[in-house]
Each structure stands twice: as C-alpha cells, then as structure tokens.
Amino acid sequence: MLRDPSVKYRPFPQIDLPDRQWPSKTITRAPRWLSTDMRDGNQALIDPMDSEKKQRFFDMLVRLGVKEIEVGFPSAGAVEFDFISGLVRSGTIPDDVTIQILTQSRRDLIETSFKSLEGAPRAIVHLYNAVSPAWRKIVFGMDRQQIKQIAIEGAMIVRDEAAKRPETDWSFEYSPETFSTAELDFSLEVCESVMDVLRPTPEKPIIFNLPATVECATPNIYADQIEWFGRNIPNRDSVVISLHAHNDRGTGVAATELGLMAGADRVEGCLLGNGERTGNVDLVTVALNLYTQGVDPGLDFSDIDSVVKTVEYCTGIATHPRQPYVGDLVFTAFSGSHQDAIKKGFVVQEQRNDQFWEVPYLPIDPADLGRSYEAVIRVNSQSGKGGVAWVLEQDKGLKLPKRMQGDLSRHVQALADENSRELHAADIWGAFQTAYHLEGPQRFMLGDYEETRASNGDRIFVGRITVDGVERWVSGRGNGLISSVIAALKEQCGIELDVVDFSEHALSGGSDAQAAAYVECRTAAGKTVFGVGIDADVATASVRAVLGAANGV
Ligand SMILES: CC(=O)SCCNC(=O)CCNC(=O)[C@H](O)C(C)(C)COP(=O)(O)OP(=O)(O)OC[C@H]1O[C@@H](n2cnc3c(N)ncnc32)[C@H](O)[C@@H]1OP(=O)(O)O
Ligand SMILES: CC(C)C(=O)C(=O)O
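Thresholds applied
- The residue count restarts for each chain, going from 1 along the sequence in the order it is written.
- Both sets of labels track the order of writing: A upward for chains, 1 upward for ligands.
- This being a predicted model, a pLDDT of at least 70 is required before a residue's local features are given, and a value of 80 or more before pairs of side-chain atoms are given or counted; all residues contribute to the totals for chains, interfaces and linings.
- UniProt positions are given in the numbering used here, feature names are shortened, and annotations may be inferred rather than shown by experiment.
- Two strands make a pair as long as DSSP finds a minimum of two bridges between them.
- Strands here mean DSSP runs of E at least two residues long; helices mean DSSP runs of H or I at least four residues long; both are numbered from the N terminus.
- What counts as an axis is a line fitted to C-alpha atoms, over the stretch in contact for a helix, and the angles between N-to-C directions run from 0 to 180 degrees.
- Remark: residues whose backbone-derived C-beta atoms lie within 7 Å of one another are considered to be in contact.
- The predictor's confidence in any single residue is recorded as pLDDT, a number from 0 to 100.
- Near, for a residue, is defined by distance from a backbone-placed C-beta atom to a molecule or strand, with 6 Å as the limit that must not be exceeded.
- Under this grouping Gly is polar, as are all residues other than the nonpolar Ala, Val, Leu, Ile, Met, Phe, Trp, Tyr, Cys and Pro and the charged Asp, Glu, Lys and Arg.
- Among buried residues, those of type Ala, Val, Leu, Ile, Met, Phe, Trp, Tyr and Cys that are joined through C-beta atoms within 7 Å form a set called a nonpolar core.
- Counting other C-beta atoms within 10 Å of its own, a residue is labelled buried from 20 upward, exposed at 12 or fewer, and partly exposed in the gap between, with every C-beta atom placed from the backbone.
- Throughout, the arc means that of the directions going from the helix axis to the C-beta atoms.
- An expected span of 1.5 Å times one less than the residue number is assigned to each helix.
- Should an angle lie under 35 degrees it is considered roughly parallel, over 145 roughly antiparallel, and from 65 to 115 roughly perpendicular; all remaining angles are considered oblique.
- The sense of a crossing depends on the near helix, which, turned anticlockwise from the far helix by less than a right angle, makes the crossing left-handed and, turned clockwise, makes it right-handed.

- As annotated in an unreviewed UniProt entry, the protein chain carries the name 2-isopropylmalate synthase and comes from Sphingomonas paeninsulae.
- Reading the Subcellular location (unreviewed entry) entry of the UniProt record for the protein chain gives the comment "Cytoplasm".
- UniProt, in its Cofactor (unreviewed entry) section for the protein chain, records the words "Mg(2+)".

**Here's the deal with the sheet that holds strand β13 (residues 515–523)**
At step 1: The strand order across the open sheet built from three strands is β12-β13-β14, with neighbouring strands paired in antiparallel fashion. One side of each edge strand has no neighbouring strand; the edge strands of this open sheet are β12 (497–506) and β14 (528–535). On average, each strand axis in the sheet is tilted by 15 degrees relative to the strand beside it, whichever way the strands run.
At step 2: Direction of pairing for β13 relative to β14: antiparallel, over a ladder of eight bridges. Bridge pairing in β14 links Ala 516 to Ile 534.
At step 3: Docked against the sheet, helix α14 (residues 402–419) engages β12, β13 and β14, running at close to 80 degrees with respect to β13.

**Observations regarding the confidence of the model for the protein chain**
Do not read the fine detail of predicted coordinates wherever pLDDT is low.
At step 1: Mean pLDDT over the protein chain stands at 96; residues scoring 70 or higher make up 99%.
At step 2: Both scores are available for the predicted complex, with the pTM at 0.90 and the ipTM at 0.95.

**Points about the site of ligand 1**
At step 1: Not every one of the 17 residues close to ligand 1 is listed here, only the nearest: Gln 43, Ala 76, Gln 104, Ser 105 and Asn 129.
At step 2: Mapped by element, the contributors of at least two residues to the shell around ligand 1 are α1 (37–43), β4 (122–130) and α5 (133–140).

**Focus: the site of ligand 2**
At step 1: Neighbouring residues of ligand 2: Asp 40, Leu 102, Tyr 128, Ser 175, Glu 177, Asn 209, Pro 211, Thr 213, His 244 and His 246.
At step 2: Where the shell around ligand 2 is concerned, the elements lending two or more residues are β5 (169–177) and β6 (206–212).
At step 3: Here the shell around ligand 2 is composed, by residue class, of three nonpolar, five polar and two charged.

**Quick word on the nonpolar core**
At step 1: Counting residues in hydrophobic clusters, the biggest one holds 88 residues, and the most contacted among them are Tyr 174, Tyr 222, Ile 226 and Val 284.
At step 2: Other than its neighbours up to four places away in sequence, Val 284 contacts Leu 271, Leu 272, Phe 301, Tyr 325 and Val 326.
At step 3: Counting 48 residues, the second largest nonpolar core, distinct from the first, contains Ile 465, Val 485, Phe 530 and Ala 545.

**Concerning helix α4 (residues 107–116)**
At step 1: Among all positions in α4, only Ile 110, Ser 113, Phe 114 and Ser 116 are buried. Along the axis of α4, the buried positions cluster into a sector of 155 degrees, meaning they face one direction only. Relative to its buried face, α4 has exposed residues pointing more than 90 degrees away, namely Arg 107 and Asp 108.
At step 2: Contact partners of the buried residues in α4: α3 (78–90), β3 (98–104), β4 and α6 (144–163).

**Some thoughts on the UniProt feature "domain: Pyruvate carboxyltransferase" (unreviewed entry) in the protein chain**
At step 1: Within this structure's numbering, the places UniProt gives as "domain: Pyruvate carboxyltransferase" (unreviewed entry) are residues 31–305.
At step 2: The span residues 31–305 is 44% helix and 19% strand, and its two end C-alpha atoms sit 24 Å from each other.

**Thoughts on helix α2 (residues 51–64)**
At step 1: The end-to-end C-alpha distance of α2 is 20 Å, a good match for the 20 Å that 14 residues give at a rise of 1.5 Å each.
At step 2: Every buried residue of α2 is listed here: Lys 53, Lys 54, Phe 57, Phe 58, Leu 61 and Leu 64. The arc that holds the buried residues of α2, viewed along the axis, is 135 degrees, so those residues lie on one side. When the buried face of α2 is taken as reference, the exposed residues oriented beyond 90 degrees from it are Glu 52 and Asp 59.

**Remarks on the sheet that holds β5**
Sheet strands pair via backbone hydrogen bonds, and the direction of the pair is either parallel or antiparallel.
At step 1: Spatially, eight strands are ordered β1-β2-β3-β4-β5-β6-β7-β8 in a closed barrel, and the strand pairing comes out parallel. When the angles between neighbouring strand axes are averaged without regard to direction, this sheet yields 25 degrees.
At step 2: Here β5 runs beside β6; their pairing, made up of two bridges, is parallel. Residue pairing across strands places Tyr 174 opposite Phe 208, the latter belonging to β6.
At step 3: The sheet strands contacting helix α8 (residues 219–232) are β6 and β7 (239–245), and the helix crosses β7 at an angle near 165 degrees.

**Observations concerning the packing of helix α9 (residues 252–261) against helix α10 (residues 283–291)**
At step 1: Running from amino to carboxyl end, α9 crosses α10 at an angle of 55 degrees, the nearest separation of the two axes being 10 Å. As judged from the angle between their axes, α9 and α10 are oblique. As α9 packs across α10, the resulting crossing turns out to be right-handed. For the pair α9 and α10, contact is made by Val 253, Thr 256 and Glu 257 and by Thr 285, Val 286 and Asn 289, respectively.
At step 2: Residues belonging to the contact of α9 with α10 are distributed by class as follows: two nonpolar, three polar and one charged.

**A few points about the UniProt feature "binding site: Mg(2+)" (unreviewed entry) in the protein chain**
At step 1: Here the UniProt-annotated "binding site: Mg(2+)" (unreviewed entry) positions come out as Asp 40, His 244, His 246 and Asn 280. Across 241 residues, the annotated set stays spatially compact, with a maximum C-alpha separation of 10.3 Å.
At step 2: Locating His 244 in the fold gives a position in strand β7.
At step 3: Judged by the 28 C-beta atoms lying within 10 Å of it, His 244 is buried.

**Regarding the environment of Gly 386**
At step 1: Tracing the backbone through its elements, the reader meets Gly 386 in helix α13 (residues 385–396).
At step 2: The exposure class of Gly 386 is buried, given the 23 C-beta atoms found within 10 Å.
At step 3: Spatially, the C-alpha atom of Gly 386 lies 8.5 Å from that of Ala 341, the residues being 45 residues apart in sequence.
At step 4: For Gly 386, the contacting residues outside a window of four places in its chain are Gly 336, Gln 339, Asp 340 and Lys 343.

**Quick word on the packing of α4 against α6**
At step 1: Across the interface, α4 lies against α6 with an axial gap of 10 Å and an inter-helix angle of 30 degrees. By the angle between their directions, the pair α4 and α6 is classed as roughly parallel. Handedness of the α4/α6 crossing: right-handed. Seen from α4, the contacting residues are Arg 107, Ile 110, Glu 111 and Phe 114; seen from α6, they are Gly 154, Ile 157, Val 158 and Glu 161.
At step 2: Taken together, the residues of the contact of α4 with α6 break down into four nonpolar, one polar and three charged.

In structure tokens, the structure reads:
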C-alpha cells in the first residue's frame, strides 16, 4: 500500500477578511527597523557570540544606521547579562539608538532583565509568551484564560520594575509569541489586556510585535492577520505594529513586505537572515528591496562586503553565493545571452548618463553596494562572444570588432570545453594571443619599416621582415599603408589577402599610450583570417595587424 506522508498535515485556514485592503497598497516609506541579530540570531548559533563579538556586531549595526537594537536576553546567563550591563555602563550607546532586551513573562527573569539595564538613558523591554493552541496545550498545559494571565502578570511586573527606575525612558514591547498560528481574536484579547496594564499613549505607544514564530502559511495569510489586527486593536495611534517573520517556508521576506502593505510600522529581523531554524527575515534583503523601488531604507549598505565579513565572523555561518544582494555570484553572469544584454546595458547606461538605473539582468547597480563591475561577467563554457569581449576589454582595454568577437569566442569555447572550468582573464588573454599569433616565433614578423609617398600620391611600404625565420626586405605600393603591405605580401611572399574590415583605437592615455588595430581579411581560397597589432604607433599597429592576418593563412 502506498504511504502518503502528506496526510499528516492540515491546510492553514483562510482569514475571514473579504474587504482586505493590503493587495492594492504599495510601500512608500521605510519602516522602523529592529535588529534582533544579537538576540534571536544569537540564540540560534552553535556558538553564541561572546562579548567581543557582540560589541563588534553592535558597532556595525550602529554604523549601518539601525536605531533599535535587541542586544540580548539578559536572564539567559552571565555572558548576556554582563555584556548588556557593560554596554549600558560604558555610556557609548549613541543618543539616537535605543537598546532592547527580551524576557519571558516570569518574575525572576523580568527582574534580572531590569537589573541589566540599570542606568540606561532609554530602553525597550520586550515581554513575550506563546499564545497559540499547540503551545497552550503542549508547552503550558493551560487554557486561554491562564495564558492571558501570564501576559497580564508579566506586564504588571514590567510596569512596576520600570516605575522603580524613573531615570530611564522606558518603552515596552509585547509579543504574543506564535501569533501567526494563534486565533486572531485571542491574540487581540491578550494584547488588549497588556494594554490595560501598560496604558500606552500616542506619545508613548506600545509595540505589539506580531511574530510568525513559525511560518506555517502563505505570505498573504500573514498580511491578512496583520491587517485584521491593525483594524481591530483599540487606540491604534497608541500602538506600533511590528513584524517578526521567520522563514520556514522560504517566504519571510514576502511575508514582511505584504505585512508592511497591510499597515505594519516596524520590522524585526537579522542581517543575512540568521536566526532560529531557517532564520529570521533578512533585513538586508527587505531594505534593499525597498531601495530598488526608489524608497530610501535609511540603512547604509554601501559597503556590503564588510557587512558580510562581520556577520560571518560573528555568527560562524558562511554566506551562500546566491544570497540576495550579497552573495559572491549574485551580480555575475556566465551565460552568453545574459552577458550580451549586460554588456549592452552598460554601454547604453553610460551614453544615457541620467540618474536611472536600467541594465538588463541587474536589478541594482553593484556599485551602490560597494561591489565592483569586475565580477559581473565571468566566462565558462556557457558564455558567448559578448562576455569574452567584455572580459578582454575590462582587462586589456581591447575593443574587438563584432566578427572578431565571434571568432575569438570559438577559440575560448574550445578552451572552456577542454578544461571544464571557469576561464579567468589571463586564460582569455592567452587564448587571444594564441589565436592571433601575438607571441612566440611566427611565420611573418615585423622588424622595422618605412613608408614613403610616390609622386602620384601612392604609398610605398619598405619593410624589414622575418619570413619563415629568414630576415628580408620587402616592398609594395598601394593607395594607403595597409594596401601597400598587402601588395608586398602578395608580390614578394605569395600571400594573397583582401581586406574586409579594419578598425583601430587607442588603448590607454598618457605617455605610454598604445594603439590596437584589427584587420579581417579573406584569402584567395575564401578563408577568413583576423589579425591584431598592438603598438605605441598607430600606423605600426596596423602593419602588425596585416602581418598577423598573414600568419593566420
Ligand atoms: C520565540 C523565541 O525566540 S523566544 C526566545 C527564546 N530564547 C531563549 O530561550 C534563549 C534564552 N533562554 C534561556 O536562557 C532559558 O531558556 C531561560 C533562562 C529563559 C529559562 O530557563 P529555564 O528556567 O531553565 O527553563 P526552560 O528553558 O527549560 O524553559 C521552559 C519553561 O519556561 C516556560 N516558558 C516558556 N515560555 C514562557 C513565557 N513566555 N513565559 C513564561 N514561561 C514560559 C515553559 O512553560 C517551561 O516551564 P516548565 O519548566 O514549568 O514547564
Ligand atoms: C519572542 C518572539 C518575538 C520571537 O522571537 C518569535 O516569536 O520568533
């Protein structure tokens, strides 16, 4: 008999909100951000951060512009307590930054938490207890009334502990933990009871954090839950609605964005999505998603690589190369058609020179994150001529004509197939030199030459060249330098070439400026050959290019 494990699971029920408004809303401003890296992120690490790492993380968050930072769970142990109280006593918390701590709704833990904050100019005390059916039944063995009582008693202790310390400007946050899997009317009822105790005002609102502690439904359900709560909570102007999505279904970012559309004011999360199980929502992604919609997130990610380095150091977790915005490969195209479009995009972007970013396949300018363009196009066996030409142009300044790009690409493709690996700039330069006879002994090699003019205006080329290892003088006449070299090759070396295309450009500025010349020729037998010449003198570069083509016959 076939066993179907899916029968163990039940679909998440719909939310009764037929007139939901969030689907037609857009996010037009940044939310308040709360980093819980040092709490929710930290509690999920194999090796939680020591105080050196916590301090380093805190300093980075301040530099990034995060204004609310959950610094830990003071009652968890000495490392946590000492770090938090040390931070407070150090007096180094910037005036525009507020620290937050988390505590379970238990007297001893709340009291310890307040002690850790002794002397803080301002702080947010975050209280939580789980409210959903599975937790009520399995973890607490309590009914709704008893669970609500945990929250009420915790709120009373918080209120009284705060009152004992009037020197601190206190704010309060309450999380009906497991909100996303709880009955909405019950979460609301518990929050209302907490409100009755803590009596928020528009000037001193309470933060209701509505966590998707475990993400169990599609993100539209979370948005419905948030909109429903926002519509039903009394004194909405005395309430800050905060989102706290986890990523169990891989939709933490989507849930957060829809939650903002549904009216939330604040987002809690971790940089790069660290956190319990699949992580908390990734604050970098949510913030930079806003950025790409023309909304300033108010966070500074202009040196994203240093953020990644610090997060990796503090968490001991490596970043996936495909992690949105920050992974090593997220701005890199290997495949030919993507490379072609990106290369064209950069050219058009430079020509247009307006403020708007429009480069195919790159939703954000890597430079905005402190990333260089170097890694944007990389070459392997999936690449095309545009990508190869881009790398050569970035690396050596060579701007190959179109048909020559196609020719070089075939050489590079063969090399990539042969090696079964990515080809670096040096590999491509090597393939280029081999394909166009630029290194080592060649059949035709230029020594020096002179160009003179006949009385009828014709050009006369007289050159000392090595042919098959033997030095000799050759000469030819034509209406230009190139045609006179072609004539010399035909009449004195038996090589017949027709020039199909010729181009040249300067390679670099300054006194050591060089020029590159490219020639495409057809032989008497109908074969196409390409030649390249690179020289400090543009005319000499073109002579070298023609001899290069002769070497390809
Ligand atoms: C969703 C979240 O991320 S919530 C944050 C979770 N973070 C952490 O747990 C990290 C820090 N935690 C700790 O250091 C410890 O767990 C402590 C200090 C909080 C508590 O430690 P202990 O007293 O040893 O209890 P333990 O960790 O086993 O927790 C289970 C107890 O807490 C109770 N509990 C759990 N949540 C809550 C709550 N919000 N309010 C009150 N009691 C709670 C449970 O019912 C259970 O009680 P029981 O032993 O009577 O059955
Ligand atoms: C304590 C709460 C906010 C939490 O971390 C969660 O529900 O994930």
